[in-house]
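Commentary on secondary and tertiary structure
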Amino acid sequence: MQKRKLLALDGGGIRGVLSLGILAKVEGIVGKPLGDYFDYIGGTSTGAIIATGLALGFSVSKLQKFYDDCGPMMFEPRFLLQRYKSQYASDPLRKKLMETFGAERTLGSPDLKPKLLIMTRNWTTDSPWPVSNNHAAKYNDRSRPDCNLNIPLWQLVRASTAAPTYFPPEVLNWDKADSSKSFAFVDGGVTPYNNPAFQLFRMATLPEYRLGWETGEDKMLIISVGTGSGPSAGPSCENPDKSILSQIPGLISALMYAAEVDQDLSCRTLGRCVYGHAIDRELGNMIPDTDPIPPKAFRYARYNAELTERGLDDLKLGELKPKLDELLKMDLATQENIKRLRVVGDAVGNEVRSEHFGDFLDA
């Protein structure tokens with residue numbers, strides 16, 4: 001019986017630094033590079049950057065250095081007259097992704113150790129596009145002129161990080177001989193899969209994806225890592241109406257938060273949750289007190305930070321409460337904020353336990 005291990009990484013801009021603090025602890029527990037431990041790694045937006053690095057064999061510390069060195073330059077403001085299109089220029093991030101992942105390396109590269117999922121949104125067709133290097137998949141047939149495996153890896157990652165209003169879209173040419181196969185892509189975070197955990201499970205198990213891994217608590221482990229979440233309070237019932245302009249900034253984060261919770265809930269419904277914060281006051285954390293009958297489809301743990309005053313208190317980081325608004329920003333890539341995010345990630349990482357992995361750790 002082959003045990004399959006899956007790792008899902010949320011989007012969240014510079015808050016990916018927080019994820020890396022958690023992943024450092026996971027790396028320490030499994031005792032090897034995460035690309036050697038996990039069989040399938042999926043990521044959205046900043047999670048796609050991290051997932052791709054891990055799949056190429058990068059250590060967590062190497063990715064932490066990438067964010068330390070490159071984080072501030074990722075969010076370089078565009079010229080004033082161009083900001084009606086997006087706040088930040090794409091060139092600095094594009095350049096670093098090419099340098100880091102290789103300008104010529106494609107999704108079909110043998111350098112990718114585990115299977116890799118990059119979550120994007122095809123803006124041209126208005127549809128989520130989960131793109132993986134699963135060689136058995138329909139659109140990964142090498143005989144197709146529009147084979148996914150031929151797409152530059154760095155460009156897929158750039159497409160997944162093209163958050164609307166923040167960055168310009170990325171145009172990908174699936175078939176250079178057919179202009180109808182060129183599409184504009186934006187951030188996978190504006191799909192239902194900003195947290196790609198349950199989509200990763202589908203892609204590993206549904207017959208339509210042609211991978212067909214076996215399910216079962218003893219056969220599949222899914223580790224899901226967030227970038228921190230903090231739902232924003234809405235208007236009071238005394239004054240519920242807000243102007244259209246005042247509502248726009250919070251719409252993307254509200255949708256991302258809702259998608260994150262939905263994917264987490266789906267995983268806890270089908271999987272046996274061994275760790276995770278409460279979904280809400282009615283559902284609780286959905287960690288069963290006894291062995292579920294019938295057994296669940298997989299073993300599951302969700303690690304994330306609640307970026308609220310109460311959440312920081314629970315992590316014994318009350319001194320960061322005055323900086324809560326800054327921690328929640330996806331584009332505040334100052335060195336000071338990066339350091340704070342790392343502190344939060346390290347604190348959440350302390351909650352990771354070897355027993356959460358059950359029999360999925362090597363002897």
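Heads up: the structure comes first, above all this text.
Let us look at the structure shown here. (Residues numbered from 1 in each chain as written. Predicted model: local features only at pLDDT ≥ 70, side-chain atom pairs only at ≥ 80, totals over all residues. Heavy atoms only, no water.)

Let's shift gears to helix α3 (residues 46-55). With 10 of 10 residues buried, α3 lies mostly within the body of the structure. Buried residues of α3: Thr46, Gly47, Ala48, Ile49, Ile50, Ala51, Thr52, Gly53, Leu54 and Ala55, and no others. (Buried < 20%, exposed > 50% of the residue type's maximum accessible area, 1.4 Å probe, protein only. Helix = DSSP H or I, 4+ residues; strand = E, 2+ residues; numbered from the N terminus.)

A separate point is the nonpolar core. Formed by 73 residues in total, the largest nonpolar core has its most connected members in Leu7, Leu23, Leu54, Val344 and Phe357. In terms of residue count, helix α1 (residues 16-30) provides more of this core than any other element does, eight residues in total. Excluding residues that lie within four positions of it along the chain, valine 344 makes contacts with Leu18, Ala305, Leu307, Leu312, Leu315, Leu317, Leu320 and Leu327. Formed by 19 residues, the second largest nonpolar core is a distinct cluster that contains Tyr40, Phe198, Phe201 and Leu211. (Core = buried A, V, L, I, M, F, W, Y, C linked by side-chain atoms within 4.5 Å. Contact = heavy atoms within 4.5 Å.)

Below, the discussion takes up the layout of surface pockets. The space that makes up the second largest pocket amounts to roughly 520 Å³. As for the second largest pocket, its lining consists of 21 residues, of which Tyr257, His277, Ala278, Ile279 and Glu306 are closest to the centre. For the lining of the second largest pocket, the secondary-structure elements that each account for two or more residues are α8 (244-270) and β9 (299-303). Among the elements that take part in the lining of the second largest pocket, α8 stands out by supplying five residues, more than any other. When its residues are assigned to classes, the lining of the second largest pocket shows eight nonpolar, five polar and eight charged. (1 Å grid on protein atoms, 1.4 Å probe; cavity = no way out; pocket = protein on both sides within 12 Å on 5 of 7 lines; lining within 4 Å. Points joined across faces, edges and corners; volume = space filled by probe spheres on them. Nonpolar A, V, L, I, M, F, W, Y, C, P; charged D, E, K, R; others polar.)

The geometry of α1 relative to helix α11 (residues 335-349) is characterised by a closest axis approach of 7 Å and an angle of 35 degrees between their N-to-C directions. With respect to the hand of their crossing, α1 and α11 are arranged in right-handed fashion. Where α1 approaches α11, its residues Val17, Leu18, Gly21, Ile22 and Lys25 are matched on the opposing element by Ile338, Leu341, Arg342, Val344, Gly345, Asp346, Val348 and Gly349. In terms of residue class, the contact of α1 with α11 is made up of seven nonpolar, three polar and three charged. (Axes fitted to C-alpha atoms, helices over the stretch in contact; angles between N-to-C directions. Left-handed = near helix turned anticlockwise from the far one by under 90°.)

What follows is about the environment of glutamate 351. Inspection of the secondary structure puts glutamate 351 in the segment after α11. Sequence-wise, glutamate 351 and tyrosine 303 are 48 residues apart; in three dimensions their C-alpha atoms are separated by 8.1 Å. Ignoring anything within four residues of it in the chain, the contact list for glutamate 351 reads Tyr275, His277, Tyr303, Leu315 and His356.

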